[in-house]
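The primary structure of each chain is shown beneath.
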Amino acid sequence: MKVLVVEDSVRLQEAISEGLRESGYAVDVVGDGQQGLIHAQTSDYDVIVLDLMLPRLDGLSVLRRLRQIGSAAPILILTAKYTVEDRVRGLRTGADDYLIKPFAFAELVARVGALARRGHGQASPRITVADLVIDTAARTVARAGSAVELTAREYALLEYLAHRRGKPVPRLELEEHVYDEHRQVMSNAVDTTICRLRAKLDAGGRPPLIHTRRGFGYVLDQDSP
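None of the values given here were measured: they were computed from a predicted structure. (Residues numbered from 1 in each chain as written. Predicted model: local features only at pLDDT ≥ 70, side-chain atom pairs only at ≥ 80, totals over all residues. Heavy atoms only, no water.)

Once that is clear, we can look at the overall build of the protein chain. Counting its regular elements, the protein chain contains 8 helices and 11 strands. In terms of overall dimensions, the protein chain is globule-like: its C-alpha atoms have a radius of gyration of 18 Å, near the 17 Å expected for 225 residues. With respect to the three principal axes, the spread of C-alpha positions in the protein chain is 55 × 35 × 30 Å. Split into buried and exposed, the 225 residues of the protein chain put 48% on the buried side. Contacts spanning at least 24 positions in sequence make up 57% of the contacts within the protein chain whose residues lie at least 6 apart. (Helix = DSSP H or I, 4+ residues; strand = E, 2+ residues; numbered from the N terminus. Rg over C-alpha atoms; globule rule 2.2 N^0.38 Å. Buried < 20%, exposed > 50% of the residue type's maximum accessible area, 1.4 Å probe, protein only. Contact = heavy atoms within 4.5 Å.)

Moving on, we get to the sheet that holds strand 2 (residues 26-30). Strand order in this open sheet of 5 strands is 2-1-3-4-5, and the pairing throughout is parallel. Each edge of the sheet is formed by a strand with only one pairing partner; in this case those strands are strand 2 and strand 5 (97-100). Strand-to-strand twist of the sheet, defined as the mean angle between neighbouring strand axes without regard to direction, takes the value 20°. For strand 4 (residues 75-79) and strand 5, the ladder comprises 4 bridges, and the chain directions are parallel. Looking at strand 5, one finds that Ile77 is bridged to Tyr98. (Pairing = 2+ DSSP bridges. Axes fitted to C-alpha atoms, helices over the stretch in contact; angles between N-to-C directions.)

A few words on the pattern of salt bridges. When the charged atoms of two side chains lie near each other, side chains of opposite charge can form a pair. Taken as a whole and judged by the stated rule, the model has 15 salt bridges. Across the salt bridge formed by Asp28 and Lys2, the nearest N and O atoms sit 3.5 Å from each other. In this pair, Asp28 is assigned in strand 2 and Lys2 in strand 1 (residues 2-6), connecting sequence segments 26 residues apart. Across this residue pair, the class does not change: Asp28 and Lys2 are buried. Linking Glu173 and Arg164 is a salt bridge whose minimum nitrogen-to-oxygen distance equals 2.3 Å. (Salt bridge = Lys/Arg side-chain N within 4 Å of Asp/Glu carboxyl O.)

In this section: the side chain of Thr193. With respect to the secondary-structure elements, Thr193 resides in helix 8 (residues 189-201). Residue Thr193 is classed as buried on the basis of its relative accessible area, which comes to 2%. Of note is the side chain of Thr193, whose polar atom sits 3.0 Å from the backbone oxygen of Ala189. Contact partners of Thr193, with chain neighbours within four places excluded, come to Arg153, Glu154, Leu157 and Tyr179. (Polar contact = N/O pair within 3.5 Å; in protein donor to acceptor, adjacent residues only side chain to side chain.)

Their axes nearest at 10 Å, the elements helix 6 (residues 152-163) and helix 8 cross at an angle of 85°. By the angle between their directions, the pair helix 6 and helix 8 is classed as roughly perpendicular. Facing helix 6, whose interface residues are Arg153, Glu154, Leu157, Leu158 and Leu161, helix 8 presents Val190, Thr193, Ile194, Arg196, Leu197, Lys200 and Leu201. Taken together, the residues of the contact of helix 6 with helix 8 sort by class into 7 nonpolar, 1 polar and 4 charged. (Parallel < 35°, antiparallel > 145°, perpendicular 65-115°, else oblique. Nonpolar A, V, L, I, M, F, W, Y, C, P; charged D, E, K, R; others polar.)

See below:
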């Protein structure tokens, strides 16, 4: 899952991006509204975390313009503006959620996860494919009742495939949603991660769940192609 953080405080930029990355998210960070608008228009983000009091272009203007051009990206306003009028204005302009600073980081992660699920049409935090269970709230994976230990990157890739389960996902799309823009991605990074995932998920001779569709990408499904 890929998140855009639009925040002008360097301290908060670092804290939010580091925490979200540790939780398995790919994160792009910009410090002003104009750059936030450009990024949101040119890349596909699963969630946008947007401050309101930004240089160059304020957060409400960014939000308004994104909705005017038809962007459906889930947007969480993260701001020190705390009045009821502020919250109502933000939600009526098109925000999906509103969190006031200062905040508990665990709550931010939970809200980002909920918005990501909503954006993919997933109401429940639990995704089940055959005997594979992915808890997107707890960020845990189990197969046939046994826990599967994954790295943050492996989990991120598996979760994205799970949200698109049954549908082939191109390698480029996986790269865009699992790696942030400042991280150099090797040409075989996705393939290598898929290989490690298969080894962990299929351990003990279990039927494979991640399949390759030649010319289309990878698909998470209990039925082989």
